[in-house]
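# Chains, contacts and geometry: an overview
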Amino acid sequence: MKKAGTEMVCSAQDSFFMQRALTLAHQAAHEYNEVPIGAVIVLNNEIIGEGLNCPIFRCDPSAHAEIIALRAGANEIANYRLINTTLYVTLEPCMMCVGAMVHARIKRLIYGASDKKAGAVSSKISCLDQPFLNHRIEHLGGLMAEQCGQLLSYFFQNKRNLDV
């Protein structure tokens, strides 16, 4: 993962894992009628945890895709510290999810679409860049942003059309 000028360059492997997160986002929308967000945790080039957004289905306000993936990854390796992992998520994480990532000690965060309303990585607030944090997470946004953003736009457009 490199930055070339202002353009971000990701590996084919990063795209592969983001595509899996996007598949999970589709599943959230189509199977659960939830906001389409998917997340994947990777360690040593293997998926150790996956999550899709499901707070309504689970009646759990913390059931964001990232939290579900973090829990699954921690269970898979039997450790709450997810050291040397990468989290791929289709939408820029919120404050709750950013806090959980810091506590889990993930190494890298790669997200797709920016969240201009509640993004806690760069859009609304830069939570990961706060000097008081005792763990730093490398972060990069914009991977497959168009596909991730379109899925969200279509979902909310359909919701609005159904409400009419």
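Scroll up to find the structure.
Since the structure is predicted, the reported quantities are computational estimates derived from the model, not experimental observations.

How each quantity is defined
- Residues numbered from 1 in each chain as written.
- Predicted model: local features only at pLDDT ≥ 70, side-chain atom pairs only at ≥ 80, totals over all residues.
- Heavy atoms only, no water.
- Phe/Tyr/Trp six-rings, centres within 6.5 Å; stacked < 30°, edge-to-face > 60°.
- Buried < 20%, exposed > 50% of the residue type's maximum accessible area, 1.4 Å probe, protein only.
- Helix = DSSP H or I, 4+ residues; strand = E, 2+ residues; numbered from the N terminus.
- Polar contact = N/O pair within 3.5 Å; in protein donor to acceptor, adjacent residues only side chain to side chain.
- Expected span 1.5 Å × (residues − 1).
- Arc of directions from axis to C-beta.
- Pairing = 2+ DSSP bridges.
- Salt bridge = Lys/Arg side-chain N within 4 Å of Asp/Glu carboxyl O.

### A closer look at the packing of aromatic side chains
In total, this model carries four aromatic pairs according to the counting rule given. Between F16 and F17, the aromatic rings sit 5.2 Å apart at their centres with planes inclined by 75 degrees, giving edge-to-face as the arrangement. In this structure F16 comes out as exposed when scored by relative accessible area, which is 54%. By relative accessible area, F17 is classed as buried at 4%. Centroid distance F17 to Y88: 5.5 Å. Interplanar angle 35 degrees. Geometry classified as tilted. Remark: Y88 occurs in strand β5 (residues 85–91) and F17 occurs in helix α1 (residues 12–32); sequence separation between them is 71 residues. Taking the relative accessible area as the measure of exposure, Y88 reaches 3% and is therefore buried. By way of ring pairs, the aromatic residues F16, F17 and Y88 are connected into one cluster.

### Some remarks on the side chain of H135
Mapped onto the fold, H135 is located in the loop between β6 (108–113) and β7 (138–141). H135 sits in the buried class, given a relative accessible area of 17%. A distance of 2.7 Å separates the side chain of H135 from the backbone oxygen of I106, its partner in a polar contact.

### Observations concerning α1
Between its first and last C-alpha, α1 extends 30 Å over 21 residues, near the 30 Å set by a 1.5 Å rise per residue. Among all positions of α1, only D14, F17, M18, A21, L22, L24, A25, A28 and A29 are buried. Considered in projection along α1, the buried side chains sweep an arc of 160 degrees and stay on one side of the axis. Opposite the buried face of α1, at more than 90 degrees from it, the exposed residues are A12, F16, H30 and E31. Two residues or fewer past α1, N33 is found with a positive phi of approximately 55 degrees.

### Let's talk about the pairing of strand β3 (residues 38–43)
Most of β3 is tucked away: six of the six residues are buried. From the end of β3 to the start of strand β4 (residues 46–52), which pair antiparallel, there are two residues, and N44 there has a positive phi angle of about 50 degrees. Inspection of the sheet shows β3 paired to β5 by five bridges, in the antiparallel sense. Among the inter-strand pairings, L43 is bridged to a residue of β5, identified as T85.

### Describing the pattern of salt bridges
Throughout the structure, instances matching the rule amount to three salt bridges. Linking R20 and E50 is a salt bridge whose minimum nitrogen-to-oxygen distance equals 2.7 Å. Taken together, the positions of R20 in helix α1 and E50 in strand β4 put the pair 30 residues apart, joining distant regions of the chain. Classification of E50 as partly exposed rests on a relative accessible area of 29%.

### Examining the environment of I110
Among the secondary structure elements, I110 is positioned in strand β6. Note on I110: relative accessible area 0%, which makes it buried. On a C-alpha basis, the gap between I110 and Y88 in space is 4.9 Å, while along the polypeptide they are 22 residues apart.

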